[in-house]
Amino acid sequence: MKIRIEKYNDNWPYLFKKIKSRIKNSIGQYDAIIKHIGSTSVKGLASKPIIDILIGVRHNSLDDYINPIKNLGFSYIKEYEKTIPNRRFFFLEKSKKRIANIHLVNVKSKWFKRHIAFRDELRSNKIIREKYEILKYVLSEKEWKDGNEYADAKTEFIRSIEKTLKIN
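Residues numbered from 1 in each chain as written. Predicted model: local features only at pLDDT ≥ 70, side-chain atom pairs only at ≥ 80, totals over all residues. Heavy atoms only, no water.

(A) Summary view of the sheet that holds strand E4 (residues 88-94). Strand order in this open sheet of five strands is E1-E2-E5-E4-E3, and the pairing throughout is mixed. At either margin of the open sheet sits one strand with a lone partner, and together these are strand E1 (32-37) and strand E3 (75-76). Both E4 and strand E5 (residues 97-106) contribute to a ladder of seven bridges, which runs antiparallel. Paired with Leu 92 across the two strands is Ala 100, which belongs to E5. Sheet strands in contact with helix H1 (residues 12-27) are E1, strand E2 (51-57), E4 and E5, and its direction is about 160 degrees off that of E1. (Pairing = 2+ DSSP bridges. Helix = DSSP H or I, 4+ residues; strand = E, 2+ residues; numbered from the N terminus. Contact = heavy atoms within 4.5 Å. Axes fitted to C-alpha atoms, helices over the stretch in contact; angles between N-to-C directions.)

(B) Looking closely at helix H3 (residues 110-124). The end-to-end C-alpha distance of H3 is 21 Å, a good match for the 21 Å that 15 residues give at a rise of 1.5 Å each. Restricting attention to buried positions, one finds in H3 the residues Trp 111, Phe 112, Arg 114, Ile 116, Ala 117, Phe 118, Arg 119, Glu 121 and Leu 122. Looking at the packing, one finds that the buried side of H3 touches E1, E2, E5, helix H4 (126-140) and helix H6 (155-162). (Expected span 1.5 Å × (residues − 1). Buried < 20%, exposed > 50% of the residue type's maximum accessible area, 1.4 Å probe, protein only.)

(C) Quick peek at the packing of H3 against H6. Between H3 and H6, the shortest axis-to-axis distance is 10 Å and the interhelical angle comes to 90 degrees. If you check the angle between H3 and H6, you find them roughly perpendicular. Residue-level inspection shows Arg 114, Phe 118 and Glu 121 of H3 in contact with H6, the latter providing Phe 157, Ile 158, Arg 159, Ile 161 and Glu 162. Tallied by class, the residues present in the contact of H3 with H6 amount to four nonpolar, no polar and four charged. (Parallel < 35°, antiparallel > 145°, perpendicular 65-115°, else oblique. Nonpolar A, V, L, I, M, F, W, Y, C, P; charged D, E, K, R; others polar.)

(D) Inspection of unusual backbone geometry at higher detail. Here the phi dihedral of Ser 95 falls at roughly 55 degrees; this positive angle occurs in a residue that is not glycine. With respect to the helices and strands, the residue Ser 95 is situated in the loop between E4 and E5. Exposure remark for Ser 95: the relative accessible area of 74% places this residue in the exposed category.

Pasting the structure below:
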């Protein structure tokens, strides 16, 4: 499969806010932080047109959130817990096209902290942002088994940046 990278779209933050509002209404009784992550959260950065949403919870079990999120129309993929047991993953499709992913983790987890730190680095560091965008375009030219294989191909670059960041 080919990965489609698009130039930055000013509508991505608005789509995130719309979905975030629906999530907050659904899980409002829970203690959660909802953040826009991934390339669509970085102004000017080309991306797959899929909104990545990070939900960090403080006190409740991750499983408490599964049904409220599924009730919003998101599909829950339990099998991903085999490789990342402390994350719950969901996706939303519209007209058979994926439009959003949710990554649900504990707010104190390294997973939460490193995704926020990487996003913030891309937002503030033009050189890193440009290098990452070039990598994404180069990788989009290849044929991939699936989106996970493409994501794995970016891992070395991401980890090299994370090593330079203060992630507590």
